[in-house]
Amino acid sequence: MATDYKKTNAPTNTITRDMNSLCADTGNIYETVNIIGKRSNQIVVDLKQELDKKLQEFATYNDNLEEVFENREQIEISRYYEKLPKPTLIATQEYIEKKIYYRNPTKEE
C-alpha cells in the first residue's frame, strides 16, 4: 500500500496538541503514542525506500572514491524530501483523521 505523503495535511512544524483529546479513542496516552510511533516508523521506511529508488537512477560506479559528482537533479530530489513534514507529524495527522487502523489484542479477549 503506497501512500502519497506529499498530499498530507500534516503541518511542517511542530504544534502543541491537547493530549486528552488525542487519547480519547484509546483512553490511554501511552497506547496512543505507541500507535503513532509505530505508524511513524512505517512512514520512515516507506520514504527511505522511495528516496533510495529515485536516487538509484543517478548512481554512478567509479573506481576512484575521491571523485564526487554533484548532480542537480539528485540535490533537488533530496531537498524535496527534506521539506516534507516529519514522519511523526504525518503519523499524528493520520491518527487524528482516523486513517490508521489499529487494534489491541489484549482488549479484544
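Residues numbered from 1 in each chain as written. Predicted model: local features only at pLDDT ≥ 70, side-chain atom pairs only at ≥ 80, totals over all residues. Heavy atoms only, no water.

1. Examining the nonpolar core
And then number 1: Core analysis: the largest hydrophobic core is formed by 15 residues, its most contacted members being Tyr 5, Ile 36, Ile 43, Leu 47, Tyr 81, Ile 90 and Tyr 95.
And then number 2: Mapped onto this core, the elements with two or more residues apiece are helix H2 (29–56), helix H3 (72–83) and helix H4 (87–96).
And then number 3: The leading source of residues in this core is H2, at four residues.
And then number 4: With residues up to four places along the chain from it excluded, the contact list for Ile 43 reads Tyr 5, Pro 87, Ile 90, Ala 91 and Glu 94. (Core = buried A, V, L, I, M, F, W, Y, C linked by side-chain atoms within 4.5 Å. Buried < 20%, exposed > 50% of the residue type's maximum accessible area, 1.4 Å probe, protein only. Helix = DSSP H or I, 4+ residues; strand = E, 2+ residues; numbered from the N terminus. Contact = heavy atoms within 4.5 Å.)

2. Description of the packing of H2 against H3
And then number 1: With their axes 10 Å apart at the nearest point, H2 and H3 run at an angle of 170° to one another. With respect to each other, H2 and H3 are oriented roughly antiparallel. Together, Leu 47, Glu 50, Leu 51, Lys 54 and Leu 55 of H2 and Gln 74, Ile 77, Ser 78 and Tyr 81 of H3 make up the contact between the two elements. (Axes fitted to C-alpha atoms, helices over the stretch in contact; angles between N-to-C directions. Parallel < 35°, antiparallel > 145°, perpendicular 65-115°, else oblique.)

3. Examining unusual backbone geometry
And then number 1: With phi around 60°, Lys 98 is a residue other than glycine that occupies positive phi space.
And then number 2: Assignment of secondary structure puts Lys 98 in the loop between H4 and helix H5 (105–108).

4. Examining the pattern of salt bridges
And then number 1: For the structure on display, the rule yields five salt bridges.
And then number 2: A salt bridge links Glu 97 to Lys 99; its shortest N-O distance comes to 2.9 Å.
And then number 3: Since its relative accessible area comes to 59%, Lys 99 is described here as exposed. (Salt bridge = Lys/Arg side-chain N within 4 Å of Asp/Glu carboxyl O.)

5. Comments concerning the packing of H2 against H4
And then number 1: For the pair H2 and H4, the least separation of the axes is 8 Å and the interaxial angle reads 125°. Between H2 and H4, the interaxial angle falls into the category oblique. Here H2 runs over H4; the crossing is right-handed. Contacts between H2 and H4 pair Thr 32, Ile 35, Ile 36, Arg 39, Ser 40, Ile 43, Val 44 and Leu 47 from the former with Pro 87, Thr 88, Ile 90, Ala 91, Thr 92, Glu 94 and Tyr 95 from the latter.
And then number 2: Looking at side-chain class alone, the contact of H2 with H4 contains nine nonpolar, four polar and two charged residues. (Left-handed = near helix turned anticlockwise from the far one by under 90°. Nonpolar A, V, L, I, M, F, W, Y, C, P; charged D, E, K, R; others polar.)

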